[in-house]
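Residues per chain, in single letters:
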Amino acid sequence: MVLLSPAFGFMLVALLVPFGILLLMSLWTAQGFGFDTSLTLDNYRQLLERPIYGALMERSLSISGSVTIATVILCYPMAYYVAFHVHRNKMIWLVFITLPFWTSYLLRVFAWKVVLGYEGVINSGLMSLGLIEAPLEFLLYSQSAVVITLAHAWAAFAILPLYVSLEKIDKSLLEAATDLGDGPVARFMRITLPLSLPGVISASLLIFIPTTGDYITPALLGGPDGAMIGNLIQKQFGPINNWPMGATLAIVLMLCIAVVSGIFILLTMLVRRRIS
Amino acid sequence: MSGRGFNKPSRSLRLYSLIFLFVLYVPVLFLPLFSFNDSIYVKFPLTGFTFEWYGELFEREPVWNALMNSLKVGISVSVLSTVMGIFAAKAITRYRFPGRGPAVGFIMLPLVVPLIIFGVALLVLFSRMGVSLSLYTVAMGHLIVCLPFSVATLIPRFEGFDKSVEEASSDLGENAFWTFWRVTLPMVFPGVVASLILTFTVSFDEFIMAFFLSGSEPTLPMYIWGQLRFPKEFPSILALSSIIIAVSFLLIFISQWINRGAHVTSVKGD
């Protein structure tokens, strides 16, 4: 217990105290360059009344929802391949899959800017090949650019839990299914997929939660249509200089994430009960 | 085992995996490609080969300052978080106590909660406490980001060796400190080195916390962010980014290699 205390105590202080103050500040209001420290729910009321906040929150949730679905679907076969078809050097495969994830997030987003840009790799490449006349404008500064970049950046977060849950599946169950006459598709639907569901759930949450609050990718690649709630939070603490509103948005963002994740976990539990 | 279908080689799945890896790496590899291109425009066709952008970096004082800032923060954060991680991992693996699961989950929290929330929460805390933003505040933020990685890297190491060796040491009369120093530490050493390298790299590359918590001294990612506004700076930023990515790849590869065997369980987290 004593041993755990430095790390745990640090986390406790470093997480709870700032959260408490954030919560407190969300009840204040901005006044000129200072704060009016009388407690009020005014910020929360504004949040409900002005459509911009709700719209941005909704967009953030839908963007990270698409990112989550795309990433899990794209990563599942990859994790499946390493779990079932790689017999030697699994470790090397896993290292290579996760390696880019460890390098600077900012630089990976920057790389996508170089790829998708107006005069970027795709546009200038296609143009010098003579395939297109003018640059494709929808590539950069759009929601799809944000989804592509986020899905790429968080792939490792999906692959590892998927891999772990697939790897754990008892191979004799698959043999039994084959012996009892199941084809590959039936076997996958009846054994592999249900048993890997915990991995799918943790992969989804591990991607959905952090991407909802992202602001670097939308700032560099989103343009006006791709802005997310994180950008607004950042602006409240920066140019807009309304810290209490920023604090309110951060609190509401956490609540939204908690609610959506809760509903998701509940739904998957129901689905699982029906399967079994 | 083989011949039953589910683990016979599948050519299409293999092809998919190779394409997957290709797509994973290609965007990042465009940075070094264009950093050697002899044009200030980042576009095809490539015009010629040059080291000019790299040479130019060496003469920039702000780059060197930012590098020094990043090194200072990265080294202190990696040492601090690894030391705390060693204690935490030992406590988690050796002792059963009530609330152990939630405590571990709590330490791992920063892995999943959007970092912007931690960033602004700490910013508010520091400003209310009257602490001015500096490299210390950045390091504090990075410590939060890095501690889960340390703990996750070290737990499998502590789980991987036999507790009775430690007991034997104390039976033979070593006190707790010497048992730790002469028995435990050498056994978990690969994990410690891996944690040091890993957390250094995470801190060195970290941007979100630094964005909210930097004062007047930028770290390297902050410097890059500042330069992204100027299109004419693109080539030198490409060169700088390429160096950072190459160094990060190398460091992470070394840390994973040293810690091989404990890899899969380590990132599972929760």
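Residues numbered from 1 in each chain as written. Chains lettered and ligands numbered in written order. Predicted model: local features only at pLDDT ≥ 70, side-chain atom pairs only at ≥ 80, totals over all residues. Heavy atoms only, no water.

Describing the overall build of chain A
Here's step 1: Helices and strands together make up the secondary structure of chain A, namely 13 helices and two strands.
Here's step 2: Seen through its C-alpha atoms, chain A measures out along the principal axes to roughly 75 × 65 × 40 Å.
Here's step 3: In chain A, which comprises 276 residues, the share counted as buried stands at 55%.
Here's step 4: Of the roughly 12,100 Å² that chain A leaves accessible, carbon and sulfur atoms contribute 69%.
Here's step 5: Counting 15 positive and 14 negative side-chain charges, chain A places the averaged centre of each group 8 Å from the other. (Helix = DSSP H or I, 4+ residues; strand = E, 2+ residues; numbered from the N terminus. Buried < 20%, exposed > 50% of the residue type's maximum accessible area, 1.4 Å probe, protein only. Areas by Shrake-Rupley, 256 points an atom, 1.4 Å probe, with all protein chains shown as cover. Lys, Arg positive; Asp, Glu negative; His and termini not counted. Charge placed at Lys NZ, Arg CZ, Asp CG, Glu CD.)

Some details on the overall build of chain B
Here's step 1: Tallying secondary structure elements over chain B gives 12 helices and zero strands in all.
Here's step 2: Listed N to C, the secondary structure of chain B is α-α-α-α-α-α-α-α-α-α-α-α in terms of helices and strands.
Here's step 3: Dimensions of chain B, computed from the C-alpha atoms along their principal axes, are close to 70 × 70 × 30 Å.
Here's step 4: Among the 270 residues that make up chain B, the fraction classed as buried is 56%.
Here's step 5: Residue pairs at least 24 apart in sequence account for 72% of intrachain contacts in chain B once pairs closer than 6 positions are excluded.
Here's step 6: Only carbon and sulfur atoms are counted for the fraction: they give 68% of the accessible area of chain B, which is about 12,400 Å².
Here's step 7: Of the charged side chains in chain B, 19 are positive and 16 negative, and the gap between their average positions amounts to 11 Å. (Contact = heavy atoms within 4.5 Å.)

A few points about the interface of chain B and chain A
Here's step 1: Taken together, the 91 residues of chain B in the interface contact 88 residues of chain A.
Here's step 2: Both faces combined, the contact of chain B with chain A buries some 8,200 Å², and carbon together with sulfur accounts for 83% of it.
Here's step 3: Summed over the shared surface of chain B and chain A, the number is zero salt bridges.
Here's step 4: The tally of links from chain B across to chain A stands at six residue pairs in polar contact (both at pLDDT 80 or more).
Here's step 5: In terms of residue count, helix 1 (residues 11-35) of chain B provides more of the side of chain B that touches chain A than any other element does, 15 residues in total. (Buried area = accessible area lost by both parts, 1.4 Å probe. Salt bridge = Lys/Arg side-chain N within 4 Å of Asp/Glu carboxyl O. Polar contact = N/O pair within 3.5 Å; in protein donor to acceptor, adjacent residues only side chain to side chain.)

Considering unusual backbone geometry
Residues and elements named next belong to chain A.
Here's step 1: In this model, N89 sits at a positive phi of 60°, which is unusual for a non-glycine residue.
Here's step 2: Even without glycine at this site, N241 takes up a positive phi of about 55°.
Here's step 3: Following the sequence through the fold, N241 ends up in the loop between helix 12 (229-237) and helix 13 (243-275).

What about the packing of helix 3 (residues 51-85) of chain A against helix 10 (residues 184-212) of chain A?
Residues and elements named next belong to chain A.
Here's step 1: Between helix 3 and helix 10, the shortest axis-to-axis distance is 8 Å and the interhelical angle comes to 135°. Between helix 3 and helix 10, the angle is such that the two are oblique. The crossing of helix 3 and helix 10 is right-handed. The segment helix 3 lies against helix 10, with S60, L61, S64, G65, V67, T68, T71, V72, Y76, Y80 and F84 engaging F188, T192, L193, S196, V200, A203, S204, I207, F208, T211 and T212.
Here's step 2: Taken together, the residues that form the contact of helix 3 with helix 10 break down as 12 nonpolar, 10 polar and no charged. (Axes fitted to C-alpha atoms, helices over the stretch in contact; angles between N-to-C directions. Parallel < 35°, antiparallel > 145°, perpendicular 65-115°, else oblique. Left-handed = near helix turned anticlockwise from the far one by under 90°. Nonpolar A, V, L, I, M, F, W, Y, C, P; charged D, E, K, R; others polar.)

Structural notes on the side chain of N231 of chain A
All names here are of chain A.
Here's step 1: Counting through the fold element by element, N231 comes out in helix 12.
Here's step 2: Accessibility expressed as a relative area gives 7% for N231, which makes it buried.
Here's step 3: Engagement of the side chain of N231 in a polar contact is seen with the backbone nitrogen of M228, the distance being 2.8 Å.
Here's step 4: If near-sequence neighbours (up to four positions away) are discounted, N231 is found in contact with D214, Y215, P218 and A219.

Observations concerning the packing of aromatic side chains
Here's step 1: Taken as a whole and judged by the stated rule, the model has 32 aromatic pairs over all chains.
Here's step 2: Plain terms: the ring middles of F177 of chain B and W178 of chain B are 5.4 Å apart, the flat faces sit at 75° to each other, and that makes the pair edge-to-face.
Here's step 3: In this structure an aromatic cluster arises from ring pairing among F101, W102, Y105, W154 and F157 of chain A together with F149 of chain B. (Phe/Tyr/Trp six-rings, centres within 6.5 Å; stacked < 30°, edge-to-face > 60°.)

Brief notes about the nonpolar core
Here's step 1: L22 and I216 of chain A together with F212 of chain B are the most contacted members of the largest nonpolar core, which totals 180 residues.
Here's step 2: With 16 residues, the single largest contributor to this core is helix 3 of chain A.
Here's step 3: Look past the residues within four positions of L22 of chain A in its chain and what remains in contact with it is A247, A250 and I251 of chain A together with I117, V120, A121 and V124 of chain B. (Core = buried A, V, L, I, M, F, W, Y, C linked by side-chain atoms within 4.5 Å.)

A word on the side chain of S78 of chain B
All names here are of chain B.
Here's step 1: Along the chain, the position of S78 falls in helix 3 (residues 61-94).
Here's step 2: Relative accessible area serves as the criterion here: at 5%, S78 is assigned to the buried category.
Here's step 3: Among the polar contacts made by the side chain of S78, one reaches the main-chain carbonyl oxygen of I75 at a distance of 3.1 Å.
Here's step 4: Filtering out sequence-adjacent residues up to four positions away, S78 remains in contact with L196, T199 and F200.

What about a nonpolar patch on the surface?
Here's step 1: Taken together, the side chains of L12, V13, L16 and V17 of chain A define a hydrophobic patch exposed on the protein surface, amounting to about 310 Å² of accessible area.
Here's step 2: Note that V17 of chain A resides in helix 1 (residues 5-25). (Patch = residues over 30% accessible without salt bridge, like charges linked within 9 Å, V, L, I, M, F, W, Y side chains within 5 Å.)

Side note on the pattern of salt bridges
Residues and elements named next belong to chain B.
Here's step 1: Under the counting rule described, the total for this entry stands at nine salt bridges over all chains.
Here's step 2: The partner of E166 in a salt bridge is K90, and the shortest N-O contact between them spans 3.2 Å. A residue pair is termed long-range when its members are at least 10 positions apart, and E166 in helix 7 (residues 163-171) and K90 in helix 3 qualify at 76 residues.
Here's step 3: Its relative accessible area of 8% is what places E166 among the buried residues.
Here's step 4: Ionic pairing is found between K232 and E233, a salt bridge with its closest N-O pair at 3.4 Å.
Here's step 5: Classification of E233 by relative accessible area gives buried; the value is 12%.
Here's step 6: A single salt-bridge network, built from bridges that share partners, covers E56, R60, K232 and E233.

Topic: helix 4 (residues 90-102) of chain A
Residues and elements named next belong to chain A.
Here's step 1: Relative to the 18 Å expected for 13 residues at 1.5 Å per residue, helix 4 spans 19 Å between its end C-alpha atoms, a close match to the ideal helical length.
Here's step 2: Judged by how many residues are buried, helix 4 sits mostly within the fold: 10 of 13 residues are covered.
Here's step 3: Looking at helix 4, one finds that the buried residues are K90, W93, L94, V95, I97, T98, L99, P100, F101 and W102. (Expected span 1.5 Å × (residues − 1).)

Topic: the environment of F237 of chain A
Here's step 1: For F237 of chain A, the location among the structural elements is in helix 12.
Here's step 2: A sequence separation of 10 residues divides F237 of chain A from A247 of chain A, and the C-alpha atoms of the two residues are 8.7 Å apart.

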